[in-house]
Amino acid sequence: MKESGRLVDRRAAVIGLLAGCTALGLAAVVRKPEGAELVRQMRRCLRGTDGLADAAVLARFRAEAEADFRAGRIVHRGGWYLSATEALLFERLRLF
Amino acid sequence: MHGFYRTGIGPCAFGDLSLRDPGGWYLIVDGAGVPARSKLSTEICIVGAGAAGITLAQALADLKMDVIVLESGGLEPEDRAQDLAHGETVHYPPLETTRMRMFGGSTMHWGGWCRPLEATDFEHRPWVPHSGWPIDRSAVLPYYPRAQEICQVGEFQYDPEEWNLPPGTLLPLGSDRVHSRIIQFSPPTRFGIRYRAPLTQSTRITVYLNTTATRLKLAPGGRRIDGIAAATFGGNTFDIVAKRYILAGGGIDNPRLMLASNDVAAAGVGNDNDLVGRFFADHMQLDTAVLLPVDPKIDLRFYQLASRSVQRRLKSGGRGANLMGYLTLDKQVQESRHTLNYSANLFELSETDYATMRAAAEGPASGWDRLTRSISGLWHQISTANSTSENTGSGFYKIVTTQEQAPNPASRVRLSRDERDAFGVPRPLLEWRFTDLDRDTIEVALDELAKAFGANSLGRIQYSLDLRKNGWPANVPISWHHCGTTRMSTDPKQGVVDPQGRVHGLDNLYVAGSSVFPTNGHGNPTLTIVALALRLAEHLGGTVT
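Residues numbered from 1 in each chain as written. Chains lettered and ligands numbered in written order. Predicted model: local features only at pLDDT ≥ 70, side-chain atom pairs only at ≥ 80, totals over all residues.

(A) Up close: the pairing of strand β14 (residues 317-329) of chain B. Residue and element names in this part refer to chain B. Inspection of the sheet shows strand β7 (residues 178-185) paired to β14 by 8 bridges, in the antiparallel sense. When the bridges of β14 are listed, Phe-185 appears paired with Asn-322. In the sheet, strand β13 (residues 311-314) pairs with β14 via 3 bridges, with the strands oriented antiparallel. Within β14, the residue paired with Leu-314 across the bridge is Gly-317. Linking two consecutive strands that pair antiparallel, namely β13 and β14, is a turn of 2 residues. Bridge count for β14 against strand β15 (residues 343-350) is 2 bridges, and the pairing is antiparallel. (Pairing = 2+ DSSP bridges. Helix = DSSP H or I, 4+ residues; strand = E, 2+ residues; numbered from the N terminus.)

(B) Representation of the environment of Val241(B). All names here are of chain B. Turning to its location among the elements, Val-241 is positioned in strand β11 (residues 237-247). Val-241 sits in the partly exposed class, given 16 other C-beta atoms within 10 Å. In sequence terms Val-241 and Leu-40 are 201 residues apart; their C-alpha atoms lie 6.0 Å from each other. Not counting chain neighbours up to four residues away, the residues in contact with Val-241 comprise Lys-39, Ser-41 and Gly-227. (Buried ≥ 20, exposed ≤ 12 C-beta atoms within 10 Å, placed from the backbone. Contact = placed C-beta atoms within 7 Å.)

(C) Highlighting the domain arrangement of chain B. Residue and element names in this part refer to chain B. Splitting chain B by domain gives domain 1 (10-138 + 188-281 + 409-433 + 482-543) and domain 2 (158-185 + 285-374 + 391-402 + 435-470). Each of domain 1 and domain 2 has a C-alpha centre, and these two points are 35 Å apart. Opposite the 13 residues of domain 1 that make contact, domain 2 presents 14 residues. Listed by contribution, the elements that provide at least two residues to the side of domain 1 that touches domain 2 are β6 (113-114) and α3 (119-122). Its residues assigned to classes, the side of domain 1 that touches domain 2 comprises 5 nonpolar, 5 polar and 3 charged. (Domains from an automatic or database assignment. Nonpolar A, V, L, I, M, F, W, Y, C, P; charged D, E, K, R; others polar.)

(D) Structural context of helix α4 (residues 55-71) of chain A. For α4(A), spanning 17 residues, the distance from its first C-alpha to its last is 24 Å, which sits close to the expected 24 Å at 1.5 Å a residue. Looking only at α4(A), the buried set comprises Ala65(A), Asp68(A) and Phe69(A). Take α4(A) and look down its axis: the buried residues cluster within an arc of 95°, on one side only. Every exposed residue of α4(A) that faces more than 90 degrees away from the buried side is listed here: Ala55(A), Ala56(A), Ala59(A), Ala63(A) and Ala71(A). Of the surrounding elements, those touching the buried residues of α4(A) are β1 (74-77), β2 (80-83) and α5 (84-92) of chain A together with α11 (436-455) of chain B. Downstream of α4(A) by a residue or two, Gly72(A) has a phi angle that is positive, lying close to 80°. (Expected span 1.5 Å × (residues − 1). Arc of directions from axis to C-beta.)

(E) Inspection of the confidence of the model for chain B at higher detail. Residue and element names in this part refer to chain B. Mean pLDDT over chain B: 88, with 88% of residues reaching 70 or higher. Counting contacts from residues 1-25, a segment whose pLDDT is below 50, to residues more than four positions away or on other chains yields 48 contacts. Throughout residues 365-391 the model reports pLDDT below 50, and contacts reaching past four residues in sequence, or to other chains, amount to 17 contacts. (pLDDT = per-residue confidence, 0-100.)

(F) Seen up close, the pairing of strand β4 (residues 67-70) of chain B. All names here are of chain B. What you see with β4 is no split at all: Val-67 and Val-69 on one side and Ile-68 and Leu-70 on the other are buried throughout. Of the strand pairs in this sheet, strand β3 (residues 39-47) and β4 are connected by 4 bridges, and their pairing is parallel. Directly across from Ile-44, in β4, lies its bridge partner Val-67. The parallel pair β3 and β4 is bridged by helix α1 (residues 51-62), and the resulting crossover is right-handed. Here 4 bridges tie β4 to strand β8 (residues 205-209), and the two strands are oriented parallel to one another. Bridge pairing links Leu-70 to Tyr-208 in β8. (Right-handed = clockwise from strand over helix to strand, strands pointing away.)

Next up, the structure:
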């Protein structure tokens, strides 16, 4: 994992950020302009909160994703196995 | 004094070649020195000095039986011997790269992975056509501990919870559907080195090197083998006459020799039901997906290929072992979702490998992705230009699948119509075929892994291999495990050998090795090959008079 962030993968970045894995999220967003824009978009999609700064929102999102996986609510898109909750966010972020 | 051993090999220096006469000096000899057209007599003749052949020879000698072992190679690898392994292939790499024709057989390039077959592997599973061994695991279980010793691994214990692993070693999957299991690593044992001295010191075993079995001499009536024709590169030929014969030449050459011995029975020896050579199976090693860990605290080292350097002991003590973890599906998942047995390991990807797998997974890129991939490529070139290491880790892991292959009669070894080896024996033609069940197992397993990792916020999985859309890759990586071609069954119409390993319809011909496996489980066959060889030796010890 590198803070230099060589990797270009917005989907991986979003997954990492949503899961609270900031290092992964930052590493996966390669260039700061794109990364910053992605974070802004995520905040908008998470609605009415401080977005990524709001640990409670992330924790709730994470719990919903875990519940999705336990219940088998999986969406298979772009090769990824995503929870239904994540997939919805990905749609809003136009990652597919 | 019996059984003098002199270092090295040399021509057979004695006239009376019966092993019952201890006049010989060299007990590992070159077949070139055997008097031409002579007949060597013994109780048991074994074809092949690999894991099965060497284990059998020692076990039979311990049971006070006289044994001749024929090995087509020498003590060192040689091109002329390796060339005997060459054959035609379909969807399979060159055969001579998958086998070692020398004393010790393919243990001489073995990776040392050991894991036993599971109870499920022996059972008939209605959703797996042609599945089911005629014996259950309890028939093999008594032999596994000794097999562990022969393979120089730890105690026969494969439950990771019983090993003294540091906290955090095993993934907290919290799932009853996906489990962690372990592999034990042999040093690996090179049977041709480790067991050379014991074999040469035994007065009951003579190994003929550079000696190739070219034909099984089927007696008129077709119920017995009268002898084995043997040949050497220098043109010498002689016969072995034994009470019992055991083919231990591997999953290609066991059926090949049976099929090529067609002078009495046109279809070959033991092939009345056209089963010899069918059901060939290996363990594919496919890079099937990428794992993106989202919990920075999880430790994946135990599951990574090449993590064998960590030696552990059982909580209860005993011999230590080098261990590696892997992931597998619960039996209930296999039943409910109709899969084969499955295992997965991890391997950290370099950034460039990750980019390649991701591109393969995502297919044609969008405009944005094309742009960013282009930037990525440029960025990578710039960032690695001053780097001393090209292969930097990405933090992503590929999931390497090694799973059972569905028994498939169309996956088979035949005789080449056109090609013959140095002794005029038709070369093998191997057609390796897959089924939808093989593909479906990968898909279901990844779905289950994705659930287990996702439900515990351990990671996400990206499928990198769309078999349904793209079909099987042109070159499916293999494990060099040649299984199934003389499969075991109580019914001669369903298998080539009976539950003891005796060829149906013949009184004195047996087969040892993974060619008798009706199904090959999700892992490595050597430990079970050795266990079954011990079982066969015990059986023969009670039947040869």
